[in-house]
Structure formats: structure tokens, C-alpha cells
Amino acid sequence: MAVGFLREADGAWSARRILATLFALSAVVLFIIAAVVGKIEGVYGGAICVIATVLLMFFTTWSDIKGVVQAARGGGGS
């Protein structure tokens, strides 16, 4: 089983983690472009990417927390 931060516990690729990574990288690029070029639109685009990253990582983390709670209750989880 392959292990990595882009994979779920069962080894499957995680779409949320992949998208969060892409949005995080896009935010960095947009902030750098905004700093170099001086366009405020890049800052807005970077901020949107940061918000998307936080939301996607929250949902990924939330599903992990849900699994831990289910395991603690003895439900096993899926």
C-alpha cells in the first residue's frame, strides 16, 4: 500500500487533498504574481485559493476526526 499525504488511509487517492494542494500552490503563485506585477486582482485570486484550501482541508480533517470518534465509540467506522 502506497502512503503519502495525497492518499487516504486505505491507499486510495484523496480528491480533496489533491485539490487543496493545487489551490495552495495556486495561491502562492498568485500572491507572487501580485507582488511582482502589482495587480490587486492577484491578491483577490490568492485569497480565494487560500479560502478554498482551508475549506477542503477542513473537510478532509473532519472526515478523519469522524473516523476517530466512531472508533472511540466502538463503531468501527468505514
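Placed above this text is the structure.
All values derive from a computational prediction rather than experimental measurement.

### Some details on the overall build of the chain
Argument step 1. Counting its secondary structure elements, the chain contains two helices and zero strands.
Argument step 2. Expressed as a percentage of the 78 residues in the chain, the buried residues total 19%.
Argument step 3. For the chain, the share of sequence-separated contacts (at least 6 apart) that also reach a separation of at least 24 residues comes to 29%.
Argument step 4. Taken as a whole, the chain presents about 5,600 Å² of accessible surface, with 74% of it coming from carbon and sulfur.

### Re a nonpolar patch on the surface
Argument step 1. Together, Val 28, Val 29, Ile 32, Ile 33, Val 36 and Val 37 line one region of the surface with nonpolar side chains, adding up to about 550 Å² of accessible area.
Argument step 2. Mapped onto the secondary structure, Val 29 falls in helix H1 (residues 15-37).

### Observations concerning the environment of Leu 56
Argument step 1. Within the element layout of this structure, Leu 56 appears in helix H2 (residues 40-73).
Argument step 2. You can call Leu 56 buried: its relative accessible area is 17%.
Argument step 3. Note: C-alpha distance between Leu 56 and Ala 15 (41 residues apart in sequence) is 9.4 Å.
Argument step 4. If sequence neighbours within four positions are ignored, Leu 56 has contacts with Arg 16, Leu 19, Ala 20 and Phe 23.

### Focus: the side chain of Ser 14
Argument step 1. Here Ser 14 shows up in the segment before H1.
Argument step 2. In contact with Ser 14, other than residues within four places in its own chain, are Leu 6, Arg 7 and Glu 8.

### Here's the deal with H1
Argument step 1. The terminal C-alpha atoms of H1 lie 32 Å apart, and with 23 residues this matches the ideal 33 Å at 1.5 Å per residue to within 8%.
Argument step 2. Among the residues of H1, those classed as buried are Arg 17, Ala 20, Ala 27 and Ala 34.

### Things to note about the environment of Ala 20
Argument step 1. Residue placement: Ala 20 occurs in helix H1.
Argument step 2. By relative accessible area, Ala 20 is classed as buried at 2%.
Argument step 3. Residues Ala 20 and Val 50, 30 residues apart in the sequence, show an inter-C-alpha distance of 8.9 Å.

Calculation rules
One numbering rule holds for all chains: residues counted from 1, following each sequence as written. Given that the model is predicted, a residue must reach a pLDDT of at least 70 before its local features are reported, and side-chain atom pairs must reach 80 or more before they are shown or counted; all residues, however, enter totals for whole chains, interfaces and linings. Working from all heavy atoms in the structure, the side-chain values ignore hydrogens and water. Per the convention used, a helix needs a DSSP run of H or I reaching at least four residues, while a strand needs a run of E reaching at least two, with both numbered from the N terminus. For every residue, the accessible area obtained with a 1.4 Å probe (protein chains only) is divided by the maximum for its type, and the residue is called buried under 20%, exposed over 50%, and partly exposed between those limits. What makes two residues a contact is simply this: any of their non-hydrogen atoms within 4.5 Å. For accessible areas, the Shrake-Rupley method is used with a probe of radius 1.4 Å. Any residue's cover is judged against the shown protein chains and nothing else. Patch membership requires over 30% relative accessible area and the absence of a salt bridge. Like charges are linked within 9 Å, and nonpolar side chains (Val, Leu, Ile, Met, Phe, Trp, Tyr) within 5 Å. A carboxyl oxygen of Asp or Glu within 4 Å of a side-chain nitrogen of Lys or Arg is what we treat as a salt bridge. Every helix has an expected span of 1.5 Å times one less than the residues it contains.

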